[in-house]
Amino acid sequence: RYQWMCLMLASAAMILSLTRMGMFWFRDGTWEGTTLRMESCLLADLPVILSGPMGLLALGTHTGSRMLCKCHNLMLQGVDEAGFLDLWMRQSYLDVFLAMALWAAAVAS
């Protein structure tokens, strides 16, 4: 479930970015009532936009990548042995909330 959620989130961000770039390059200069600027639609941004979903697909997240799960389990085992798991989980929830809030603000702007 988690792997699919990451893949869907990265794909949604990619689609929104590509839509914005497409609207600029095809001379539809407005999107949600705002005017697009040249620096927000550079072709140099394409590798960054495409690398998230493509990297997740290359890892096999859509098929439940065993290697990714093994790495995750190895990390969790060390964290649990150190007695750091509860603190790490609480901090992770805070980090995810803040990242989602920043992402939502960036998409809304």
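This text follows the structure it describes.
The text that follows walks through the structure, step by step, so that each part is easy to find.

Cut-offs used in this document
- What you see as residue numbers is a count from 1 along each chain, following the sequence as written.
- Where local features are concerned, this predicted model is filtered to residues with pLDDT of at least 70; where side-chain atom pairs are given and counted, the filter is 80 or more; whole-chain, interface and lining totals use all residues.
- Computation of side-chain values: all heavy atoms of the structure, hydrogens and water removed.
- Only residues above 30% relative accessible area that lack a salt bridge enter a patch, with like-charged residues linked at up to 9 Å and the nonpolar side chains Val, Leu, Ile, Met, Phe, Trp and Tyr linked at up to 5 Å.
- Only the protein chains shown count as cover for residues, and the accessible areas themselves come from Shrake-Rupley with a 1.4 Å probe.
- Note on definitions: salt bridges are taken to be side-chain nitrogens of Lys or Arg within 4 Å of carboxyl oxygens of Asp or Glu.
- Each helix is a run of H or I in the DSSP string that is no shorter than four residues. Each strand is a run of E no shorter than two, and both are numbered from the N terminus.
- Only protein chains enter the accessibility calculation, which uses a 1.4 Å probe; a residue is then buried when its area is under 20% of its type maximum, exposed when over 50%, and partly exposed in between.
- Throughout this description, a polar contact denotes any pair of N or O atoms lying within 3.5 Å of each other; where both atoms belong to protein, one of them has to be capable of donating a hydrogen while the other can accept it, and for residues adjacent in sequence the pair is counted only when both atoms sit in side chains.
- The contact definition used throughout considers only heavy atoms, calling two residues in contact when any of these lie within 4.5 Å.
- Expected span, for any helix, means 1.5 Å times one less than how many residues it has.

**Quick look at a nonpolar patch on the surface**
Next up, step 1: Among the surface-exposed residues, Leu9, Leu16, Val96, Met100, Trp103 and Val107 lie close enough to one another that they form a single nonpolar patch of about 440 Å² accessible area.
Next up, step 2: Broken down by secondary-structure element, the contributors of at least two residues to the nonpolar patch are helix H1 (2-25) and helix H4 (85-108).
Next up, step 3: By the element assignment, Trp103 lies in helix H4.
Next up, step 4: Judged by its relative accessible area of 31%, Trp103 falls in the partly exposed class.

**Re the side chain of Thr61**
Next up, step 1: Residue placement: Thr61 occurs in the loop between helix H2 (46-59) and helix H3 (66-81).
Next up, step 2: We classify Thr61 as buried; its relative accessible area is 2%.
Next up, step 3: Engagement of the side chain of Thr61 in a polar contact is seen with the backbone oxygen of Leu56, the distance being 3.0 Å.
Next up, step 4: Setting aside anything within four residues of it in sequence, one finds Thr61 in contact with Gln3, Leu7, Leu56 and Leu68.

**Focus on H3**
Next up, step 1: With 16 residues, H3 should reach 22 Å at 1.5 Å per residue; the first-to-last C-alpha distance of 22 Å fits that figure.
Next up, step 2: Immediately beyond the C-terminal end of H3, within one or two residues, lies Gly83, with a positive phi of roughly 75 degrees.

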